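# Topology and contacts: notes
So you can see what is in the structure, the chains are spelled out below.
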Amino acid sequence: MAFVNWARNQSGTPAEVRTPADVADIVRAVRDAAAEGRRIRMVGTGHSFTGVALTDGIMLSPAALTGIRSQADDRVTVLAGTPLRVLNELLDERGLALANMGDITEQTVAGAIQTGTHGTGRDSGGLADQVVELEMVLADGSVATVSPGEDLFDAARVGLGALGVLTAVTFRVEPAFLLHNRRRKLSLGEILDSLGTLTAGNEHLDFFWLPHTDACLVKTNNRHPGPARPPSAVKHWMDNVLLENTVFGAACFTGSRFPDLIPRINAASAAALGESESVDTSYKIFTARRDVRFLEMEYAVPRERLAQALRETRDLIERMDWKITFPVEVRVTPPSDAWLSTAYGRRSAYIACHIYRPTPNPAYFGGVEEIMTRLEGRPHWGKLHTKDAAYLREVYPRFADFATLRDRLDPRRLFTNDYLDVVLG
């Protein structure tokens, strides 16, 4: 059975697909793969744009490994195949929440953590930074439970599936809370002049710049004591379904047929940007619906280089006269101590470039990548990039330590694939 990812730009045919029902099934699969000289990978829901999940050996589907295993105080242990959207609902039923998360919730817990999925936060980091324990099956078939203070914990939280198969994850959670979401339009110039104030003054900052315009949609989320003031059902449908998906999809399709119209399409979109506010359950504010298929490249740069990176990206698009429909998204996170987190050891800013799936533009991604790497950028592990181990070793201080640990735990490279051979060597 062929595996195809969400963006439909990665596919592969494993020799065998298994759907383990428990940890014992995964142990058996890992031992079988070792005995037969095959490689083995756990796949998520295919929301990575790279080939990180592909295998020509045994592919494990975690569809049966879902749900909360246990809860104790501020810790919740969840099975690795649980989709984030399901986890959000299960936590909410218990009056609990994650401190921060990304906007896409279709990913499995394990897939999201292993590729370094993040949201945006002044003080709170990505999913890996909220993990307090991991359960995983190693290459020798043993089951390891790893906690803070162990090298394997800091290596495996963003481990790309290269150190073992995650079976359960324990998160640090907190009482459910409300967020005050505010959306407003600002010019790119205004944002570049006030980046310090914007990032320091908001718990969660996320903004989108529309190429060929000076307009940005700025989203800020801050904790609120209540009461809740969620958007009406009509308002939610207008913003999240009609405008951000149906109308935007039509604009992307029109732009793909008539590229010269894209600047005018973006100008019309910029003119339609308005202000809105709501107060709602945190996960409902953090998350968004994404129906229009795209390709994405995202780099993390040191926070102090964000303004330069944005200016150079804007100037490059104008100079090359590329017609770009999708907005460029910007987010921020605090430093992380997960070895292969894109935010390891430094305050980071993320710049994400998207292209409508039917009209890929490798030159656009390549040009922006040159800017980001010149600024010591680190590519998101699950998004398109061309960097290999030689480059990544230079921008990750613990890269060599990760490689050494991998050599010890998986000397036969049971968990590798073509993508890992490139990025890890």
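The following refers to the structure shown. (Residues numbered from 1 in each chain as written. Predicted model: local features only at pLDDT ≥ 70, side-chain atom pairs only at ≥ 80, totals over all residues. Heavy atoms only, no water.)

### Re the nonpolar core
What counts is decided by this rule: Here, nonpolar core refers to any group of buried Ala, Val, Leu, Ile, Met, Phe, Trp, Tyr and Cys residues whose side-chain atoms link them within 4.5 Å. Between buried and exposed lies partly exposed: a residue is buried under 20% and exposed over 50% of the maximum accessible area for its type, with that area taken using a 1.4 Å probe on protein chains only. Contacts between residues were defined by any pair of non-hydrogen atoms, one from each residue, lying within 4.5 Å.
Core analysis: the largest hydrophobic core is formed by 60 residues, its most contacted members being Met136, Leu152, Val169, Phe171, Trp381 and Leu424. Sequence-distant contacts of Val169, defined by excluding residues within four places in its chain, comprise Val76, Thr77, Val78, Val109, Ile113, Val131, Glu133 and Leu134. Core analysis: the second largest hydrophobic core is formed by 45 residues, Trp6, Leu186, Val218 and Leu375 among them.

### Some remarks on the sheet that holds strand E13 (residues 178-187)
Our working rule: Two strands pair under a simple rule: DSSP has to find at least two bridges between them. Elements are defined by DSSP. Helices are runs of H or I of four residues or more, strands are runs of E of two residues or more, and each kind is numbered from the N terminus. Axes, fitted as lines to C-alpha atoms, cover a helix only where it is in contact. Angles between the N-to-C directions of the axes lie from 0 to 180 degrees.
Spatially, E16-E13-E15-E14-E18-E19-E17-E20 is the arrangement adopted by the eight strands of the open sheet, whose pairing is antiparallel. Two strands lie at the open edges of the sheet, namely strand E16 (276-281) and strand E20 (378-379), each paired on one side alone. As paired strands, strand E14 (residues 204-209) and strand E15 (residues 215-224) are joined by six bridges and run antiparallel to one another. Counted as the bridge partner of Trp209 is Cys216 from E15. Running over the sheet, helix H7 (residues 233-257) touches E13, E15, E16 and strand E19 (348-356) and is turned about 60° from E19. Along the sheet, helix H11 (residues 362-374) makes contact with strand E17 (294-302), strand E18 (328-333) and E19, crossing E17 at roughly 10°.

### With respect to the packing of helix H10 (residues 306-320) against H11
Quick reminder of the rule: Angles are sorted into four bins: roughly parallel if under 35 degrees, roughly antiparallel if over 145, roughly perpendicular if 65 to 115, and oblique for all others. For any helix crossing, the convention is left-handed if the near helix is rotated counterclockwise from the far helix by under a right angle, and right-handed if that rotation is clockwise. Here the term charged refers only to Asp, Glu, Lys and Arg, the term nonpolar to Ala, Val, Leu, Ile, Met, Phe, Trp, Tyr, Cys and Pro, and the term polar to all other amino acids, Gly among them.
In the contact formed by H10 and H11, the axes pass within 10 Å of each other and the chain directions differ by 150°. Viewed along their axes, H10 and H11 adopt a mutual orientation that is roughly antiparallel. Here H10 and H11 pass one another in a crossing that is right-handed. Contacts between H10 and H11 involve Gln308, Ala309, Glu312, Thr313, Leu316 and Ile317 from the former and Tyr364, Gly367, Val368, Ile371, Met372 and Arg374 from the latter. A per-class count over the contact of H10 with H11 returns seven nonpolar, three polar and two charged.

### What to know about the sheet that holds strand E3 (residues 16-18)
Spatial strand order, E3-E5-E4: three strands in an open sheet with parallel pairing. Looking at strand neighbours, the two that pair on one side only are E3 and strand E4 (40-42), the edges of this open sheet. When the angles between neighbouring strand axes are averaged without regard to direction, this sheet yields 20°. Sheet topology places E3 next to strand E5 (residues 58-60); three bridges connect them, and they run parallel. Residue pairing across strands places Val17 opposite Met59, the latter belonging to E5.

### Some thoughts on the pairing of strand E7 (residues 75-79)
Along any regular strand, the residues point their side chains to alternate faces of the sheet. In terms of burial, E7 is largely enclosed, as four of its five residues are buried. The sheet contact formed by strand E6 (residues 68-72) and E7 spans four bridges and is antiparallel. Pairing of Ile68 across the sheet is with Val78, part of E7. Where E6 hands over to E7, the hairpin turn is made up of two residues, of which Asp73 adopts a positive phi near 55°. As paired elements, E7 and strand E11 (residues 165-172) share five bridges and run antiparallel to each other. Residue pairing across strands places Arg75 opposite Arg172, the latter belonging to E11.

### Considerations on H11
What counts is decided by this rule: To estimate the expected span of a helix, count its residues, drop one, and scale the result by 1.5 Å.
Relative to the 18 Å expected for 13 residues at 1.5 Å per residue, H11 spans 18 Å between its end C-alpha atoms, a close match to the ideal helical length. Burial in H11 covers these residues: Tyr364, Phe365, Gly367, Val368, Glu369, Ile371, Met372 and Thr373. Tucked inside the fold, the buried residues of H11 contact E17, H10, E18, E19 and helix H12 (389-395). Of the residues trailing H11, Glu376 is marked for its positive phi of about 65°.

### Quick look at helix H1 (residues 23-36)
What sets the pattern is the α-helix's 3.6 residues per turn: residues three or four places apart point alike. Which entries qualify depends on this criterion: Throughout, the arc means the angular range of directions from the helix axis out to the C-beta atoms. Polar contacts here mean pairs of N or O atoms no more than 3.5 Å apart (in protein, one a potential hydrogen donor and the other a potential acceptor; neighbouring residues in sequence count only if both atoms are side-chain atoms).
Here H1 is 14 residues long and its end C-alpha atoms lie 20 Å apart, about the 20 Å a rise of 1.5 Å per residue gives. Listed in full, the buried residues belonging to H1 are Ile26, Val27, Ala29, Val30, Ala33 and Ala34. For H1, the buried positions fall inside an angular range of 165° around the axis, keeping them on one side. Against E3, E4, E5, strand E9 (131-137), strand E10 (143-146) and E11 lie the buried residues of H1. Structurally, the start of H1 carries an N-cap: the backbone nitrogen of Ala24 is 3.2 Å from a side-chain oxygen of Asp22. Phi turns positive one or two residues past the end of H1, at Gly37, with a value near 70°.

### Let's talk about unusual backbone geometry
Among all residues except glycine, the phi angle is most often negative; among peptide bonds, the trans geometry is most common. The amide bond that connects Gly226 to the next residue, Pro227, takes the cis arrangement and shows omega of 5°. Considering the arrangement of structural elements, one finds Pro227 in the loop between E15 and H7. Despite not being glycine, His212 shows a phi value in the positive range, around 75°. Here His212 is to be found in the loop between E14 and E15. With relative accessibility at 31%, the residue His212 sits in the partly exposed group. Positive phi outside glycine occurs at Arg413, with the angle close to 55°. Within the element layout of this structure, Arg413 appears in the loop between helix H13 (399-409) and helix H14 (418-423).

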